[in-house]
Amino acid sequence: MLQAFRRVLVTLLIFLFVASSVKAAQADEGDSGSVIDVMGKVVDHHYLALPGYDLQLPRIMLVEGEWYFYTSTEAALNSGDFVEENGVLVPASGSEITLDMSITSHLVYVWFGVVLTLWLTISMARRYRRGKGRKTEPQGWFQNLFEIVFVFVRDDIAKQNISDEKYRKFVPYLFAVFVSITFMNLFGLLPWGVTATADITVTAILAFITFVLTQWNGSKDHWEHVFWFPGVPPLMRIILTPIEIIGLFTKPFALAVRLFANMLSGKIMIICILGLIFIFADLFGSIAGIGVSFFSVPLTAALYILKAFVGILQAYIFTLLSAVFIGMAAEEHEHHEEGIEAHA
Amino acid sequence: MGLLAAGIGAGIVAVGAGIGIGMIGKSATESIARQPEAAGDIRGAMILTAALIEGVALIGAIVCILLALGV
């Protein structure tokens, strides 16, 4: 009985999510030339979409050494200092915006992810400090789940890829990255939610932190491998050194693009399949639209589950590759001399 | 012209990534069948390699998107 009730509830919830997405997609209809504005749903906005209401976010801009603060885009326009050109704010005086520090929807969702991660880790740390979980077994499903995830990150990601005792230093970073990326990915599945990681700037910053950590903790051997590859003929080094230097930067670049493209493609796919309803309704009348919805809505529900899985998998891959890169840089070899002999 | 190039390019990217990840899946399932007790390690290595291939494919896909949008 309880099982059946739970199943019905879950199904209803999924359909509610899908239905609200349809509604949100419908609201944007007619903004542009095409029936459904796909890119408009995935790019950054200066407002936060809430149920039935768009919360305008503050605009903060630096124009030629002077800061401008407005509570919303509208306030900036009303003040007369800024005019709108092609949907972008430009100063009315004709000069250029030096720095646009406006708070955007993606940034707000990054904050949500960070705050949730902080809340989770700090509350759990307090529990462990009080002795729950250390002297006793972990209590409650939440602490058990936390411990499973933490032990997974520590043992399967950090310990396996970062050599010796060095891995201890990186567990906090890897765990924080894993949890916050998971939160950011999953927020995109909520109705009106925004996938912050479907923005190249967000993922680029995350990859940049990994890059800095990797280089900062690079051992002597790491730098030797970059600039003076051991065990190869001297002429080869002319080719190898530039390749190694480029390799330093392509690793975090691929890291950023992988997460970004995965989350973006998932989002575009859902919008396109739901958008088929409106495209068909526009082309062949509303009956065709209703007909397509019988195909689109279950497919979107399935895609939602797939996207939830992909969201967690991509967070895992990001963390795993971060650990692999850090481990590769921090590793210390002892076999250089043998290598030279083997090649000679 | 850019749209055509993007479409063909996306297709080729999908072919390449499909072959690559398919080969990983093939050898991973074969080795798990041969040595089921090493399934955990093999799965980890499989996901890692698939992610690396996917990275290249996605960079190709991004180039295609940029072509299609005419940026």
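Refer to the structure presented above.
The structure displayed is predicted, hence computed values, not measured ones.

What follows concerns the overall build of chain A. Scanning chain A from N- to C-terminus turns up eleven helices and seven strands. Buried residues in chain A amount to 26% of all 344 residues. Across chain A, the fraction of contacts at a sequence separation of at least 24, relative to all contacts at a separation of at least 6, is 66%.

Our next topic: the environment of C272 of chain A. Residue position: C272 of chain A is located in helix α9 (residues 234-284). Sequence separation between C272 of chain A and I36 of chain A is 236 residues; the distance between their C-alpha atoms is 8.4 Å.

This part is about the interface of chain B and chain A. Contact residues are listed per partner, giving nine residues for chain B and seven residues for chain A. In terms of residue class, the side of chain B that touches chain A is made up of seven nonpolar, one polar and one charged.

Our next topic: helix α5 (residues 140-161) of chain A. Residues and elements named next belong to chain A. Spanning 22 residues, α5 covers 31 Å between terminal C-alpha atoms, matching the ideal 32 Å at 1.5 Å per step. What α5 keeps buried is the set F146, V153, I157, A158 and N161. Those residues of α5 that are buried lie in contact with α4 (105-129), α6 (167-187) and α10 (286-330).

With that out of the way, let us pick up the pairing of strand β4 (residues 66-70) of chain A. All names here are of chain A. In the sheet, strand β3 (residues 59-63) pairs with β4 via five bridges, with the strands oriented antiparallel. In the sheet register, V63 faces β4, and the bridge partner there is E66. Hairpin connection, β3 to β4: the antiparallel pair is bridged by two residues, and E64 has positive phi, about 45°.

What follows deals with the nonpolar core. What tends to happen in soluble globular proteins is that the nonpolar side chains get buried as a cluster. Residues A158, L174, F178, F260, F318 and A323 of chain A are the most contacted members of the largest nonpolar core, which totals 47 residues. For this core, the secondary-structure elements that each account for two or more residues are α4, α5, α6, α7 (200-216), α9 and α10 of chain A together with α2 (39-69) of chain B. Considering every element that reaches this core, the biggest residue donor is α10 of chain A, with eleven residues. When near neighbours in sequence (up to four residues on either side) are disregarded, L174 of chain A contacts V153, I157, A158, T319, S322 and A323 of chain A.

Another aspect to go through is the sheet that holds strand β7 (residues 99-100) of chain A. Reading across from one edge, β4-β3-β7 (chain A) is the order of the three strands in this open sheet, with antiparallel pairing throughout. Across the chains shown, the open sheet's two edge strands, defined by having one partner strand only, are β4 and β7 of chain A.

What follows is about unusual backbone geometry. Negative phi values dominate among residues other than glycine, just as trans dominates among peptide bonds. Despite not being glycine, W192 of chain A shows a phi value in the positive range, around 65°. As for its placement among the helices and strands, W192 of chain A is situated in the loop between α6 and α7.

All names here are of chain A. Following both chains from N to C, one finds α7 and α10 inclined at 20°, their axes separated by 8 Å at the closest point. Classified by the angle between their axes, α7 and α10 sit roughly parallel to one another. Pair α7 / α10 crosses with right-handed handedness. For the pair α7 and α10, the contacting residues are T210, L213, T214 and Q215 in the first and S322, F325, I326 and A329 in the second. Across the contact of α7 with α10, the residue classes break down as four nonpolar, four polar and no charged.

We now examine the packing of α5 of chain A against α10 of chain A. Residues and elements named next belong to chain A. Packing of α5 against α10 brings their axes to within 7 Å, and their N-to-C directions diverge by 30°. Our classification of the angle between α5 and α10 gives roughly parallel. The crossing of α5 and α10 is right-handed. Between α5 and α10, the contacting residues are V153, I157, A158 and N161 on the first element and T319, L320, A323, V324 and G327 on the second.

The rules behind the values
- Residues numbered from 1 in each chain as written.
- Chains lettered and ligands numbered in written order.
- Predicted model: local features only at pLDDT ≥ 70, side-chain atom pairs only at ≥ 80, totals over all residues.
- Helix = DSSP H or I, 4+ residues; strand = E, 2+ residues; numbered from the N terminus.
- Buried ≥ 20, exposed ≤ 12 C-beta atoms within 10 Å, placed from the backbone.
- Contact = placed C-beta atoms within 7 Å.
- Nonpolar A, V, L, I, M, F, W, Y, C, P; charged D, E, K, R; others polar.
- Expected span 1.5 Å × (residues − 1).
- Pairing = 2+ DSSP bridges.
- Core = buried A, V, L, I, M, F, W, Y, C linked by C-beta atoms within 7 Å.
- Axes fitted to C-alpha atoms, helices over the stretch in contact; angles between N-to-C directions.
- Parallel < 35°, antiparallel > 145°, perpendicular 65-115°, else oblique.
- Left-handed = near helix turned anticlockwise from the far one by under 90°.

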